[in-house]
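The residues making up each chain are set out below.
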Amino acid sequence: MNVLLALPVVLPLLGAGVSILVGRSRLAQRVVGISVLTAVTGVAVAILVHVDRHGPTSTQSGGWPAPLGITLVADRLSALLLVVASSMLLAVLLYAIGQPGAERSHVGFQSVYLVLAGGVAAAFLTGDLFNLFVAIEMMLTASYVLITLGGRLEQVRSGMTYIVISLLASMLFLAALAFTYSATGTVNLAELARRVPELPFGTQAALAALFLVVFGIKAALFPLYFWLPDSYPTAPSPVTAIFAGLLTKVGVYAIIRTQTLLFPHVLPAGLFYGIAAATMVVGVLGAIAQDDVKRILSFNIVGQIGYMVIGIGLFDVAGLAAVILSLVHHIVVKTSLFLTEGLIELHGGSSRLNRLGGMVRTAPGIAVLFGVAALALAGIPPLSGFVAKFSLMAAITAQHEWWVLAVAILVSLLTLFSMVKIWVGVFWAPAGPAGGEGPAEVEVAPGPSAPLLMLAPTAVLVAGTVAIGVFGGPLYELAGRAATDLLHPQPYLDAVAGR
Amino acid sequence: MRRSLILDVVVRVVFHSAFLLGLFLLFTGHNRPGGGFVGGLVAGAALALRYVAGGIDEVREALPVRAWTLLGIGLACATGSAIVPLLAGRELLEHFKGEVHLGPMGAAHYNTALVFDIGVAFVVVGMTLMLLVAFGERLPSLGNSWARQETGR
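What you see is a predicted model; the values in this text were computed from it and never measured.

Novice: Looking at this structure, I do not really get helix H7 (residues 153-184) of chain A. What am I missing?
Specialist: Given 3.6 residues per helical turn, the α-helix brings residues three or four places apart onto the same face. With 32 residues, H7(A) extends 46 Å between its outermost C-alpha atoms, agreeing within 8% with the 46 Å of an ideal straight helix rising 1.5 Å per residue. Phi turns positive, to about 80 degrees, at Gly185(A), one or two residues after H7(A).

Novice: Teacher, can you tell me more about the interface of chain B and chain A here?
Specialist: Reports of interface size often rely on the accessible area that becomes lost once the parts have come together. Contact with chain B, which involves 17 residues of that partner, is made by 24 residues of chain A. For the pair chain B and chain A, the two sides together bury roughly 1600 Å², of which 80% comes from carbon and sulfur. Scanning the region where chain B abuts chain A turns up 0 salt bridges. For the side of chain B that touches chain A, the class distribution of residues is 10 nonpolar, 4 polar and 3 charged.

Novice: Honestly, a nonpolar patch on the surface in this entry has me stumped. Any pointers?
Specialist: Residues and elements named next belong to chain B. A surface patch of nonpolar side chains, about 640 Å² in accessible area, is lined by Leu5, Ile6, Val9, Val10, Val13, Val14 and Leu49. Take the nonpolar patch: its biggest share by element is 6 residues, from helix H1 (residues 5-28). As for its position among the elements, Val10 is in helix H1. Given the relative accessible area of 42%, Val10 is considered partly exposed.

Novice: Is there a simple way to think about unusual backbone geometry in this case?
Specialist: Leave glycine aside and you will find that most residues have negative phi; peptide bonds, for their part, are mostly trans. Residue and element names in this part refer to chain A. In the segment running from Phe222 into Pro223, the intervening peptide bond is cis, with an omega of 0 degrees. In this fold, Pro223 is placed in the loop between helix H9 (201-219) and helix H10 (227-231). With omega at 5 degrees, the peptide bond leading from Pro381 into Pro382 counts as cis. Examined against the element boundaries, Pro382 turns out to sit in the loop between helix H16 (364-378) and helix H17 (384-398). In this structure, His265 is a non-glycine residue whose phi angle is positive, near 60 degrees.

Calculation criteria
Note on numbering: residues in each chain are counted from 1, in written sequence order. Throughout, the order in which chains and ligands are written sets their labels, letters from A for the former and numbers from 1 for the latter. Given that this is a predicted model, residues contribute local features only at a pLDDT of at least 70 and side-chain atom pairs are listed and counted only at 80 or more, while totals for whole chains, interfaces and linings are drawn from all residues. To get the side-chain values, take all heavy atoms of the structure and skip hydrogens and water. Under the scheme used here, helices are H or I runs from DSSP no shorter than 4 residues and strands are E runs no shorter than 2 residues, and both carry numbers assigned from the N terminus. In a helix, the anticipated span is given by 1.5 Å times the number of residues less one. Two residues form a contact once any of their heavy atoms are found within 4.5 Å. Accessible area, probed at 1.4 Å, shrinks when two parts are joined; the buried area is that loss added up over both. When a carboxyl oxygen of Asp or Glu is within 4 Å of a side-chain nitrogen of Lys or Arg, the pair counts as a salt bridge. The nonpolar class holds Ala, Val, Leu, Ile, Met, Phe, Trp, Tyr, Cys and Pro. Asp, Glu, Lys and Arg form the charged class, and all remaining residues, Gly among them, are polar. Residues forming no salt bridge and having over 30% relative accessible area are the ones grouped into patches, like charges within 9 Å of each other and nonpolar side chains (Val, Leu, Ile, Met, Phe, Trp, Tyr) within 5 Å. Surface accessibility in these figures is a Shrake-Rupley result with a 1.4 Å probe; residues are shielded only by whichever protein chains are displayed. Relative accessibility thresholds used throughout: buried, under 20% of the residue-type maximum; exposed, over 50%; partly exposed, between the two (1.4 Å probe, protein chains only).

Shape descriptors only; they carry no functional weight alone.
Shown next as structure tokens:
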């Protein structure tokens, strides 16, 4: 078992090296990338099954005991996220190979992508705050390359915003680590969980708030979300898809881990509700105001992150289970929406609503994919969003936070509205730049039909959102067990400490 | 490109010593200050000196490999040395040390962490090389304008 834990981190890095070495052959690179990510997905499933049966497990790399070595640890939450993340990485890689563009034009795409995969896995598996920093840096450094891949002017401009904000967050993170270390003398999660409660309350609150700000920037919480809708839409669509699916969620994971394990009940629940409500409202209003498919979807990422923060504020089994379900649902749905957007762009030649139209006739397949994913995002039964939102709203109701419930429902409706806006603009509106009458002269020439390698992963992910809805019961039970682990972290702490 | 005689001569003297210092730091790293990262940085700095003195062509002459190749070898080497102990049923990144007896030359202490360090050093030197190539390459869109401006004076 211990062997398996290291593989999701090390295999992609090894693959990245090999992928550079075989750079002359695109085919060999693809074989390396696909086989590595397939293996990682398999390993992740094995870890999840093991962890769900036998409880958290860990490995101490280098044979050094806990506070010294690099501890890798998996509990139900991290194993579940690892499974979802690695299958997304695999699907998006297949899509990127099928798409004319990003993957074909740059010899380094595959290896940088694999480094990103390794970073995401390391962030989920690490048992040590400093290694969390390293993992997030690994992921971000790879993302700097991916977001500016292609080197168009607006890409580099918005990429600069993204890089500067991320570096600022990293500096803050490093400072927070230094404060934590000077206050407690350790960065190991197990040791920290023991020593943080002994600190004066003011110090605890300051550290908790600092970590919330750091991860809030990464997760795009209000008021630190502004970099996201600006930078994501300019990247190639598979890159945006994987960023939208995974990067912000790593931030949310880090918030869950630190706030439940190190600072339980330190920050008031009202703070989380306030941040969550503001994030949701700003995100969804921003989405409605946009007229570009990619920008609408990017603002919706921000809106959806708000839902997860509510659950962290609730801080009970039902609330945290709802957060975990939302994470899983959102990773799958957001990735599939951006992949569908890539199909729309390939077919219609643009992502602007007023240049697209009539695709319900010219591309019914894409219309079905987008329709299902959009309804899932908005939370229509029996799709994945319904399960996530229903469990969250049940948890809110149980704690009688009525105004939060009202905001959540309102934002849900507005999300549906923003999705309908895309639907009307892209699929129903008459085709043509003006969106006006005379269809004959302004008829947009239908683009090339999408390659099977782009369609298939998108279809599988969309089917995944249906599956999450259909198998909502077992998944909710798993999320509930993971949430119980978060509230009773003793087995996790023992695993980190290597006992 | 206008070359400075003094710089040229100094770099010619310093380059090999700096590169050697980098190697020294790499090999001494396990028990004393040093290691793959620092060693790679010093060796990379030596390359940067060549770049300052003679431009990208001279860097290519000093190290006639592609930056990608160095990066790839380094990454594969470092992660490979991390995985090998797993195959032997040990922990990730676990390393072993020992002594080789070389007859009259005495005993040499070795540690398998060196393989990892060499990989790191390769990555660092590869990164430096890539940086120098990126800045030193004549961009097709800019033509040769930078170099021309300098020689024009």
